[in-house]
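Remarks on the overall topology
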Amino acid sequence: MNFADLGLSDELLRAVGEAGYSEPTPIQRQSIPSVLMGKDLIGIAQTGTGKTAAFVLPMIDILGEGRSRARMPRSLILEPTRELAAQVAENFDKYGKYHKLSMALLIGGVSMGDQMAALEKGVDVLIATPGRLMDLFGRGKILLTGCAMLVIDEADRMLDMGFIPDIEDICTKLPKNRQTLLFSATMPPPIKKLADKFLTSPKSVEVARPATTNAQIEQRIVEVSSRAKRETLVELLRAEDVTNAIVFSNRKTTVRDLATSLKRSGFASGQIHGDMEQAERIKELDRFKSGEVTILVASDVAARGLDIKGVSHVFNYDVPWHPDDYVHRIGRTGRAGATGKAFTLATPDDAEAVASIEKLTGGAIQRAGKAEPKKAAPRAARDDADVAAEKPRRGRRTRTEAATPTPEAEAPVAAAAKEEAPKPRRARKAPAAAATAEVVQTPQPAPAPRPAAAPDDADSGWNGPVPSFLDFRISAD
Ligand code: ADP
Ligand code: MG
């Protein structure tokens, strides 16, 4: 299924194409047609499944129809943190480049002056954190009565951060006959209650968690001291019969350092991380697919949405913070009929993370022989100090952490400003409404969880996009 089948306008399809996305993710596929039809929607899918575009894309086409009025935003998107709010704003910039939509960001830590000026003029899209919005509302600076669309994004994090009462408050200030969309990774009872109260016969879209691992993947945990990680990785890369491998790290700085260091050790290594534009990532991926690069060092966020599968090995240089990420990562190996191998370097500090992975995947993962450090070279020691220093506290998705994403954790930062120079805007063509009517039946029921032993890599547990080069096989075959 293509983006073109979802009822989106040509301008939008062009912007999406230029962003480098070839296929909608499952949550996008199932949400977009309903949103275009004006329905309320509850979208449940884990982090990284593309929920942002699931609402941003249809919103752009819907809002493309009308005009903004002074002090009355036409739509409101609530985000739990300013980083997430900024990311959503970037998405509007990127996909809305052929639409003339105005936008304001209302987040803490930014001077109010510009935000107010934008609001005075009137905006099509207001992206806000609940606290700042309530603040401005209290001062009578904003009217939500013209707000016909509301998005409550990352609802479970809103709950963690204690924003639910604010959200309830905000909901009562919006017109009753609005369209409301709610997105969340999970659906705990308070969120369910919120949805019952403020959404009108919503369509529910749920994408199954990839909680199973492929039996075709041989998994090993390599217990190692944090000083010896790099050396151990190099030893493994040399000892194993590696055709091509992805090495995952939790931080983009580590991705960069590691790729450079592997190159110095003689490996054909490349890298993808969150500071790279999507186009750059795709280019690097092409080098990997062509075999020019055989070891790709990657961060979770960067690898997400890229179709990389069927590699001979996956190495987790860092134990992922979230067990779902483990399943995603190792799902990149295990080709049809062949066994893939996944090695995870775990330090004593990672015990807790390893335990939650084993809990999710339903069994102890075999330990490989302990790789003892020979002697840590000064350089390695320095690098490790570096790694240790930037290590965020574990459990970043828990209550205490949610409010304070570490700067190095991969929350893509506001890169909107350095986007390409504005291209001439095209006059809008036929609105999407007509096309929309024909896609009514597109959405499918939520897929059943996958069987534990998936026979081939098409079933690797990755529930992100699986675009055109689905049949990617290693050329050495
Ligand atoms: P979520 O809100 O579900 O956590 P995001 O919307 O932030 O996820 O998207 C996660 C990543 O996937 C982003 O880097 C985004 O650019 C990428 N992505 C989203 N949709 C697609 C798609 N259709 N094809 C490829 N990549 C995508
Ligand atoms: Mg999101």
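Here's what I pulled together on the structure shown here. (Residues numbered from 1 in each chain as written. Chains lettered and ligands numbered in written order. Predicted model: local features only at pLDDT ≥ 70, side-chain atom pairs only at ≥ 80, totals over all residues. Heavy atoms only, no water.)

Focus on the sheet that holds strand S5 (residues 149–152)
- Reading across the sheet, the seven strands line up as S3-S4-S2-S5-S6-S1-S7 and stay open at both edges, with parallel pairing between neighbours. Every other strand in the sheet has two partners, leaving strand S3 (103–106) and strand S7 (203–206) as the edge strands with one partner each. Taken pair by pair, the neighbouring strands of this sheet meet at an average axis angle of 10 degrees, ignoring direction.
- Lying on the sheet, helix H3 (residues 51–63) is in contact with strand S1 (41–44), strand S2 (75–78), strand S4 (125–128), S5 and strand S6 (179–184); it crosses S6 at an angle near 165 degrees.
- The strands touched by helix H4 (residues 82–95) are S2, S3 and S4; relative to S3, the strand with the most contacts, the crossing angle is about 170 degrees. (Pairing = 2+ DSSP bridges. Helix = DSSP H or I, 4+ residues; strand = E, 2+ residues; numbered from the N terminus. Axes fitted to C-alpha atoms, helices over the stretch in contact; angles between N-to-C directions. Contact = heavy atoms within 4.5 Å.)

Things to note about the sheet that holds strand S14 (residues 367–368)
- Taken in spatial order, the seven strands of this open sheet run S10-S11-S9-S12-S13-S8-S14, and their pairing is parallel. Since the sheet does not close on itself, it has two edges, and those belong to strand S10 (269–272) and S14, each with one partner.
- Two elements, strand S8 (residues 217–223) and S14, share two bridges in a ladder whose sense is parallel. Bridge assignment links Ile221 to a residue of S14, and that residue is Arg367.
- The sheet contacts of helix H10 (residues 229–239) involve S8, strand S9 (245–249), strand S11 (295–299), strand S12 (313–316) and strand S13 (340–346), and relative to S13 the element is tilted by about 165 degrees.
- Across the face of the sheet, helix H12 (residues 278–290) comes into contact with S9, S10 and S11 while running at roughly 150 degrees to S10.

With respect to the packing of helix H5 (residues 112–121) against helix H6 (residues 130–138)
- Where H5 meets H6, the axes come as close as 13 Å, and the angle between the chain directions of the two elements is 65 degrees. Comparing the axis directions of H5 and H6 gives the class roughly perpendicular. Regarding H5 and H6, the two cross each other, and that crossing is right-handed. Contacts from Met112, Gln115, Met116 and Leu119 of H5 reach H6 at Arg132, Asp135 and Leu136.
- Across the contact of H5 with H6, the residue classes tally to four nonpolar, one polar and two charged. (Parallel < 35°, antiparallel > 145°, perpendicular 65-115°, else oblique. Left-handed = near helix turned anticlockwise from the far one by under 90°. Nonpolar A, V, L, I, M, F, W, Y, C, P; charged D, E, K, R; others polar.)

Observations regarding the site of ligand 1
- In the vicinity of ligand 1, 16 residues are found, and the nearest of them are Tyr21, Glu23, Gln28, Gly48 and Thr52.
- Glu23 is positioned with one of its backbone polar atoms (N or O) 2.7 Å from a nitrogen atom of ligand 1.
- Gln28 is positioned such that a nitrogen or oxygen atom in its side chain is 2.8 Å from a nitrogen atom of ligand 1.
- In the complex, the protein chains occlude 88% of the 570 Å² of accessible area that ligand 1 would expose alone.
- Looking at the shell around ligand 1 residue by residue, the class counts come to four nonpolar, nine polar and three charged. (Near = heavy atom within 4 Å. Polar contact = N/O pair within 3.5 Å; in protein donor to acceptor, adjacent residues only side chain to side chain. Areas by Shrake-Rupley, 256 points an atom, 1.4 Å probe, with all protein chains shown as cover.)

As for the pairing of S3
- Burial along S3 is one-sided: the face carrying Ala104 and Leu106 is buried and the face carrying Met103 and Leu105 is not.
- Of the pairings in the sheet, the one linking S3 to S4 comprises four bridges and is parallel in character. Bridge pairing in S4 links Leu105 to Ile127. (Buried < 20%, exposed > 50% of the residue type's maximum accessible area, 1.4 Å probe, protein only.)

So, H5
- Every buried residue of H5 is accounted for by Met112, Gln115, Met116 and Leu119. For H5, the buried positions fall inside an angular range of 95 degrees around the axis, keeping them on one side. Among the exposed residues of H5, those oriented more than 90 degrees off its buried face are Asp114 and Lys121.
- Where the residues of H5 are buried, they touch S3, S4 and H6.
- Backbone geometry just downstream of H5 places Gly122 in the positive-phi region, at approximately 100 degrees. (Arc of directions from axis to C-beta.)

Quick notes on the nonpolar core
- In terms of nonpolar packing, the biggest core is built from 35 residues, with Phe55, Leu57, Ile77, Phe92 and Tyr95 touching the most fellow members.
- Ranked by residue count, the leading element in this core is H3, at eight residues.
- Sequence-distant contacts of Phe55, defined by excluding residues within four places in its chain, comprise Ile77, Glu79, Val88, Val151, Asp153, Leu181 and Phe183.
- Among the nonpolar cores identified, the runner-up in size contains 34 residues, and Ile42, Leu119, Leu144 and Leu150 belong to it. (Core = buried A, V, L, I, M, F, W, Y, C linked by side-chain atoms within 4.5 Å.)

A short note on the pairing of S6
- Here S6 lies mainly inside the structure; six of its six residues are buried.
- Burial of the side chains of S6 extends over both faces: Gln179, Leu181 and Phe183 are buried on one face and Thr180, Leu182 and Ser184 on the other.
- For S1 and S6, the ladder comprises four bridges, and the chain directions are parallel. In the sheet register, Leu41 faces S6, and the bridge partner there is Leu181.
- Here S5 runs beside S6; their pairing, made up of four bridges, is parallel. Counted as the bridge partner of Val151 is Leu181 from S6.

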